[in-house]
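Chain by chain, the residues run as shown.
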Amino acid sequence: MIFPVLFYHEGEQNANNAFQDALRESLYTDQTWPGMACEMSQINDCIVSPSQFGIDIFPAYVFFRRIEDDSENGVMVKKIEGRELSTDELLSEIEDAYQAVFDIDAGGGFVDEDGDGKPDAQVNLPARPGFRLGNPLGAYFGCADVLPDWICRVKIGYILLLILLIALMVVIVKKA
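The structure presented is a predicted model; accordingly, all values stated were derived computationally and were not measured.

(A) Just the nonpolar core, in detail. Counting 18 residues, the largest nonpolar core has Ile2, Leu6, Phe19, Tyr61, Phe63 and Leu90 as its most contacted members. Of all the secondary structure elements, the ones that give two or more residues to this core are β1 (2-8), α1 (13-25), β3 (60-67), β4 (70-81) and α2 (87-99). By residue number, the principal contributor to this core is α1, which donates 5 residues. In this view, Ile2 contacts Tyr28, Thr29, Asp30, Pro34, Phe63, Phe64, Arg65, Ile94, Ala97 and Tyr98; residues no more than four positions away in its chain are not counted.

Printed below as a string of structure tokens:
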């Protein structure tokens, strides 16, 4: 399975929207946790950073292939910097990343056989998203199929705050 990551600035919301659409439509991503978009002002919520891959132009896309025997590791198949991809282009890039062929060399590293001539990096990818991720509703449940997208992208802190406010309002109404 492929795990794409998008790095973008707040003003590049169209890149994020196309990215989310492609993740929902792709046959080559794990729908329980298909990938993640990392807004640069909140980069601490992301499991990887652009500097790990030498990225300094945004929006930027990094495509990882999960290692079959070890779902917590991935190999970077490709990266694309500085241009916004449409949903169709992203679907094509995800499929292309899925088709890439890798072998393990004698030193235990990975040899890229997809012909792109770029070095590949092995990184640790958590098997399941944790609370530090920005959108737990979208990560744990297929809520985009049932609820509006904005609900699925809500951060866990806002959900807890909303529950607290509702509980407070119920207490006030019962006392009145």
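Once the structure has been displayed, the description carries forward.
(B) Highlighting the state of the cysteines. All told, the structure shown has 1 disulfide when counted by the stated rule. Between the sulfur atoms of Cys38 and its disulfide mate Cys46 the distance is 1.9 Å. The disulfide joining Cys38 to Cys46 has a torsion of about 55° about its S-S bond and is therefore right-handed. Relative accessible area serves as the criterion here: at 2%, Cys38 is assigned to the buried category.

Calculation notes
- Residues numbered from 1 in each chain as written.
- Predicted model: local features only at pLDDT ≥ 70, side-chain atom pairs only at ≥ 80, totals over all residues.
- Heavy atoms only, no water.
- Core = buried A, V, L, I, M, F, W, Y, C linked by side-chain atoms within 4.5 Å.
- Buried < 20%, exposed > 50% of the residue type's maximum accessible area, 1.4 Å probe, protein only.
- Helix = DSSP H or I, 4+ residues; strand = E, 2+ residues; numbered from the N terminus.
- Contact = heavy atoms within 4.5 Å.
- Disulfide = S-S within 2.5 Å.

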